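One-letter residues, chain by chain:
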Amino acid sequence: MAARIIDGKLIAEQCRELTATKAAQLKTSRGVVPHLAAILAGDDPASQVYVRNKERACAKAGLHSTLHRLPADVSQQELIALIQSLNQDPSVNGILVQLPLPRHLNTTQVLDTVHPLKDVDAFHPENVGLMLQGRPRFLPCTPAGVMQLLHSTGTPIAGKHAVIIGRSDIVGKPMAALLIQKGADATVTICHSRTPDIAAFCRQADILVAAVGIPEFVRGDWIKPDAVVIDVGINRVGERLVGDVEYAPALEKAAAITPVPGGVGPMTIAMLLQNTLKAAELQSA
Ligand code: GUN
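About the cut-offs
Residues numbered from 1 in each chain as written. Predicted model: local features only at pLDDT ≥ 70, side-chain atom pairs only at ≥ 80, totals over all residues. Heavy atoms only, no water. Core = buried A, V, L, I, M, F, W, Y, C linked by side-chain atoms within 4.5 Å. Buried < 20%, exposed > 50% of the residue type's maximum accessible area, 1.4 Å probe, protein only. Contact = heavy atoms within 4.5 Å. Helix = DSSP H or I, 4+ residues; strand = E, 2+ residues; numbered from the N terminus. Polar contact = N/O pair within 3.5 Å; in protein donor to acceptor, adjacent residues only side chain to side chain.

1. Here's the deal with the nonpolar core
(1) Moving on: Counting residues in each nonpolar core, the largest one holds 52 residues, and the members touching the most others are Val146, Met147, Leu150, Leu179, Val209, Ile230 and Val232.
(2) Moving on: Among all residues touching Ile230, those that are not within four sequence positions of it are Ile6, Val146, Leu149, Leu150, Leu208, Val209, Ala210, Thr258 and Val264.
(3) Moving on: Membership of the second largest hydrophobic core comes to 20 residues, among which are Ala199, Leu208, Val218 and Ile257.

Given below as structure tokens:
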């Protein structure tokens, strides 16, 4: 039987509506409209699309957003100075530095400059540490979105073997942390570029999270029958967007699967809005 398609767009809309309701309440109770400041350095076409989608989503949820565009040759000092001024600005609740940054910039130093209470991407070491210890301030957007999608399937996560492909700081590592935390209780394997026979691990995955950034890396015959498959990849192949999973054969084997586009992508933005609201709540408490 073909898998259930997990409708990330619909679930993201429901999350956004909840954020909109809470944002309206915050405005009534404390006179605060959550404000996200996004920084886009350079003119990477994919980043321009992501940032535009984030701005649109803010507007739909009644959040304020501003975009700071910087030239591709911006210096490290100029970028750091902008972040410092946004840190100091009481009208700004959340700061997002769109990645990837131009290659000459030191990404770690840039992200470490964002004030931890305004770090709505949850990239700052303080927020990563809090999340790892199971007392999160902000949840990392893509992994938090994946958790919501998993919950939406109604399939219990506890005791399941979750296999994550990819060990990035943005997805793979925090994804593992959320899946093993108390309450989620999965058993987690992380595969990466030095893992021999990734297919063998995938075949044991009750939950498979693909975050490698290689089009259709996960073949249909790697999917365990009735697995839940979450495809984090968004790869442009000619005119088409494809995920990290070979979709059509995976659809035949899995119990549930996310499409690309319309799966994880919209959830990442929904979680960003949720974090921006939380930042505004924390700062106005
Ligand atoms: N580039 C790709 N994913 C992300 C993300 O989640 N946050 C930011 N800031 N940049 C990204």
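2. Regarding the environment of Arg30
(1) Moving on: Tracing the chain through its elements places Arg30 in helix H1 (residues 8-30).
(2) Moving on: For Arg30 and Ser284, which are 254 residues apart along the polypeptide, the C-alpha to C-alpha distance reads 7.4 Å.
(3) Moving on: With residues near it in sequence (within four places) discarded, Arg30 still touches Glu281, Ser284 and Ala285.
(4) Moving on: Within the local environment of Arg30, its side chain forms a polar contact with the backbone oxygen of Glu281, the two atoms lying 3.0 Å apart.

3. Quick word on the side chain of Gln76
(1) Moving on: In this structure, Gln76 sits in helix H3 (residues 76-88).
(2) Moving on: A residue is classified by how much of its surface remains accessible, and Gln76, at 15% relative accessible area, is buried.
(3) Moving on: Separated by 2.9 Å, the side chain of Gln76 and the backbone nitrogen of Asn106 make a polar contact.
(4) Moving on: Sequence-distant contacts of Gln76, defined by excluding residues within four places in its chain, comprise Leu105, Asn106, Gln109 and Val110.

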